[in-house]
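# Structure assessment
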Amino acid sequence: MNEENKELANLLFPHINKEVDYYLNLYKRRELSQEQKITRFAPSPTGFVHIGGLFSALISERVAHLSNGIFYLRIEDTDKKREIEGGVLEIINALKNFDINYDEGCISDLEQKGNYGPYKQSERIEIYQTFAKKLVEEGKAYPCFCSNEELEEIRKKQESMNILTGYYGEWAIYRNKTLDEIKSMLEKNIPFVIRFKSNGDFNKKISYKDVIKGLIELQENNQDIVICKSDGLPTYHFAHVIDDYLMGTTHVIRGEEWLASVPIHIQLFRALGWKPPRYAHIPTILKQDGESKRKLSKRKDPEAAVSYYHKEGYPSNSVIEYLLNLANSNFEEWRKNNPEKNWREFPFKIEKIGTSGALFDLDKLNNISKNYISRLNAQEIFDYIYNWSKQYDMTFFEIINKDKEYSLKVFNIEKDNINKPRKDIAKWSDVRNVVEYMFDDLYNLENIKQYNFSKNMSKDDIKEILLRYKNIYSYNDDKETWFSKLQNLSENLGYAKDTKTFKANSSLYKGYIADTSNVIRVAISNRTQTTDLYQTLQVLGYDRVIKRIEHAISTL
Ligand code: GLU
């Protein structure tokens, strides 16, 4: 080792007195089988958790846990300017809300679990500096005292010469300063960063095999990139390499915006004498905007934030299933064939993720969610709505809790038909509207002055149907009896008892049974579509049904 470099390293990092071996011994290499994968979610606490962040957390979690490996949470809080208060908790809660479990990492603002911590980068400064110091000792890194103005100056010159811009080769003006020159800068207390001395050649290519994108060729990195900023904190590049090595990450799964930086990362790994991990770059989640596609934006798209799904009341499983479907297009087929299974049983394959942008589609999410909710029983639905409304809709919370037995009956309607369950709820915020007519507190008869009866029927006909129905309706009828009574009533009033009869001789009839039953439907709900009429009437109960029919008659 060059003595001057050693002296320089001590001058730059006088407070660092550990050797890298200390950390290399402290963080033992993980003993893994061939299959086991170690992955992480490494967000910055700079604001809300983006749906793209959840996407990468889910993929990383699946890859680790399906291989019996470890998934951990690392908080990347080295950009103190962009950090927001409560950011760490927001991340932890998002993972909790979506049931994404991790084995190591930050579990609250102050607590962490696992043997490879600290899992917050701001608590690892000494580690980064120890390795930066080593690179300086080895002549692989150096201090750079360039001001922003000087850097700007260099860039302008390069632009005017039409050559590659940046801090590299002969443009890297602090690369070869003598120790004395550096000392005099240090004495003047001029702020400095630590740069990595690149030996890359921009005209050469490196190639690596991305787990998702396949074989990738990129230009070598020739820039002397900053590894420690002037405040002593590491840049993303450096922290990534140090952390993912020491924490034993086998698969770095991250957004594709990092793809172009891979040459820098591989170069740093090599300079430190380490084997780079496997990289998997996840496509960005895009949104169709007119003719073009764009990134989901924090400002324009509320659905960019994962808190949106919670507020809207999407069950976390629906969002997870949607994201799994976005990642592996065979998920839907699997779900169809395995309606009872938990999404964790899906044989997720990271290699099957598409290479181009994943298109976000709210309709698809709604569909998946309706299907998911259709598989829940009434009690499960009630519990979900209970928790959701307690937080987001207190009035509704009180209404459904007033008579829990009744609410359960409402959510149980059409739950008997396993082959054709009701699919009218995509999210809990839909429920109030969907079930409004089932609750007197939401459905105020006095306010209804006019009903949505069919315009093709006369008032007198409607009235006649309702008057007669009122007399024949009995709460104790089973479905068959109820239906045959309705058929008789229809026939007596000149309506065909079924579609077939009507179609065969439509001129003989005023209409058919759907018309009569719709009159009853509208009279009890003021809607043309409801859940199964028989079950709805049964749940409403005799008194309510009669009262509603009488009120409807009074408006005619
Ligand atoms: N903190 C980085 C980000 O939020 C992490 C990228 C990575 O996973 O390495 O983009």
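This one's a predicted model, so the numbers in the text were calculated from it and none came from an experiment.

On to helix H16 (residues 404–412), then. Inspection of H16 places Tyr406, Ser407, Leu408, Val410 and Phe411 among the buried residues, and these make up the whole buried set. One or two residues past the end of H16 sits Glu414, with phi positive at roughly 65 degrees.

This next bit is on the pattern of salt bridges. Scanning the entire structure with this criterion turns up 36 salt bridges. Across the pair Lys287 and Asp301 runs a salt bridge, and its minimum N-O distance is 3.2 Å. Here Lys287, found in strand E12 (residues 285–289), pairs with Asp301, found in the loop between strand E13 (292–295) and helix H10 (306–312); they are 14 residues apart in sequence, far enough to count as distant. The class of Asp301 is buried, set by a relative accessible area of 2%. Each member of the salt-bridge network shares a partner with another, and the members are Arg40, Arg74, Glu76, Arg124, Asp243 and Asp244.

What follows is about empty space enclosed by the protein. Inspection of every chain in the model, using the stated rule, returns one cavity of 30 Å³ or more. As a volume, the largest cavity reaches approximately 50 Å³. Here the lining of the largest cavity is built from residues that sort into four nonpolar, one polar and four charged.

The strand order across the open sheet built from three strands is E5-E6-E9, with neighbouring strands paired in antiparallel fashion. Two strands close off the open sheet at either side, each with one partner strand: strand E5 (141–144) and strand E9 (226–228). The mean angle between the axes of side-by-side strands here comes to 45 degrees, regardless of whether they run parallel or antiparallel. Sheet analysis places strand E6 (residues 193–196) next to E9, joined by two bridges and oriented antiparallel. Following the sheet pairing, Arg195 is matched in E9 by Val226.

Scoring rules and cut-offs
The residue count restarts for each chain, going from 1 along the sequence in the order it is written. Totals for whole chains, interfaces and linings use all residues, but because this is a predicted model, local features are given only for residues with pLDDT of at least 70 and pairs of side-chain atoms are given and counted only at 80 or more. As a convention, hydrogens and water are excluded, and side-chain values are obtained from all of the structure's heavy atoms. Burial classes: relative accessible area under 20% of the type maximum marks a residue as buried, over 50% as exposed, and values in between as partly exposed (1.4 Å probe, protein chains only). Comment: elements are numbered from the N terminus, with helices defined as DSSP H or I runs of at least four residues and strands as E runs of at least two. Only one rule defines a salt bridge in this text: a Lys or Arg side-chain nitrogen within 4 Å of an Asp or Glu carboxyl oxygen. Here a cavity is any set of points on a 1 Å grid over the protein atoms alone where a 1.4 Å probe fits but cannot get out, and a pocket is any open set with protein on both sides within 12 Å along at least 5 of 7 lines; a residue lines the site when it has an atom within 4 Å of a point. Grid points are joined across faces, edges and corners, and a volume is the space filled by probe spheres set on the points. Here the term charged refers only to Asp, Glu, Lys and Arg, the term nonpolar to Ala, Val, Leu, Ile, Met, Phe, Trp, Tyr, Cys and Pro, and the term polar to all other amino acids, Gly among them. A pair of strands counts as paired when DSSP detects no fewer than two bridges linking them. Geometry is summarised by axes, namely lines fitted to C-alpha atoms with helices restricted to the contacting stretch, and by angles between N-to-C directions that run from 0 to 180 degrees.

By themselves these figures say nothing about function.
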